[in-house]
Amino acid sequence: MAFDTKLMEILACPVCKGKLDYDKAQQELICKFDRLAYSIDNGIPVLLENEARRLVLDEENTEQES
Ligand SMILES: [Zn+2]
C-alpha cells in the first residue's frame, strides 16, 4: 500500500508539532528540526519519537544555510 502524500497536509511531528518532509526513496517522514526520520509501515506513518531514526549530518542534504 502506497503512502498517500495528501496525509502530509495533516501530519505533524509529534515532538515539535512541525511540518514533516516526505522522503520517497527512503519511505520515511523527516523532521529537519529534530533530525528524526519516521518510518512508513505499509502506508502508515509511525509517528513515534522512540521509533524514529536519528538522522546523521550527511543526510541533511536539503539544508539551505551555508
Ligand atoms: Zn519535529
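Just so it is clear, the model here is predicted, and its values are computed rather than measured.

For the protein, per-residue confidence averages 89 on the pLDDT scale, and 86% of positions sit at 70 or higher. The secondary-structure element of the protein with the lowest mean pLDDT is strand 4 (residues 44-45), recorded at 95, while strand 2 (residues 28-31) shows the highest, at 97.

Let us look at unusual backbone geometry. Unusually for a residue other than glycine, Lys17 sits at a positive phi of about 65 degrees. Tracing the sequence through the fold places Lys17 in the segment before strand 1 (21-23). Classification of Lys17 by C-beta neighbours within 10 Å gives exposed; the count is 9. Of note, Arg35 is a non-glycine position whose phi angle comes to about 55 degrees, a positive value. Along the chain, Arg35 turns up in the loop between strand 2 and strand 3 (36-41).

Once that is clear, we can look at the nonpolar core. Core analysis: the largest hydrophobic core is formed by 10 residues, namely Cys13, Leu20, Leu29, Ile30, Cys31, Leu36, Ala37, Tyr38, Ile40 and Ala52. Mapped onto this core, the elements with two or more residues apiece are strand 2 and strand 3.

Burial along strand 2 is two-sided: the face carrying Glu28 and Ile30 and the face carrying Leu29 and Cys31 are both buried. As paired elements, strand 1 and strand 2 share 3 bridges and run antiparallel to each other. Bridge assignment links Asp21 to a residue of strand 2, and that residue is Ile30. Counting the residues that bridge the hairpin from strand 1 to strand 2 gives 4 residues, and of these Gln27 lies at a positive phi of roughly 55 degrees. Alignment of strand 2 against strand 3, held across 4 bridges, turns out to be antiparallel. Directly across from Leu29, in strand 3, lies its bridge partner Tyr38. Here strand 2 folds back onto strand 3 in antiparallel fashion, the turn holding 4 residues, of which Arg35 has a positive phi close to 55 degrees.

What follows deals with the environment of Leu57. Looking at where Leu57 falls in the secondary structure, it is placed in the segment after strand 5 (53-54). In this structure Leu57 comes out as exposed when scored by C-beta crowding, with 8 C-beta atoms within 10 Å. Taking the C-alpha atoms as reference points, Leu57 and Arg35, separated by 22 residues in sequence, lie 8.8 Å from one another.

Rules of the game
Residues numbered from 1 in each chain as written. Predicted model: local features only at pLDDT ≥ 70, side-chain atom pairs only at ≥ 80, totals over all residues. pLDDT = per-residue confidence, 0-100. Helix = DSSP H or I, 4+ residues; strand = E, 2+ residues; numbered from the N terminus. Buried ≥ 20, exposed ≤ 12 C-beta atoms within 10 Å, placed from the backbone. Core = buried A, V, L, I, M, F, W, Y, C linked by C-beta atoms within 7 Å. Pairing = 2+ DSSP bridges.

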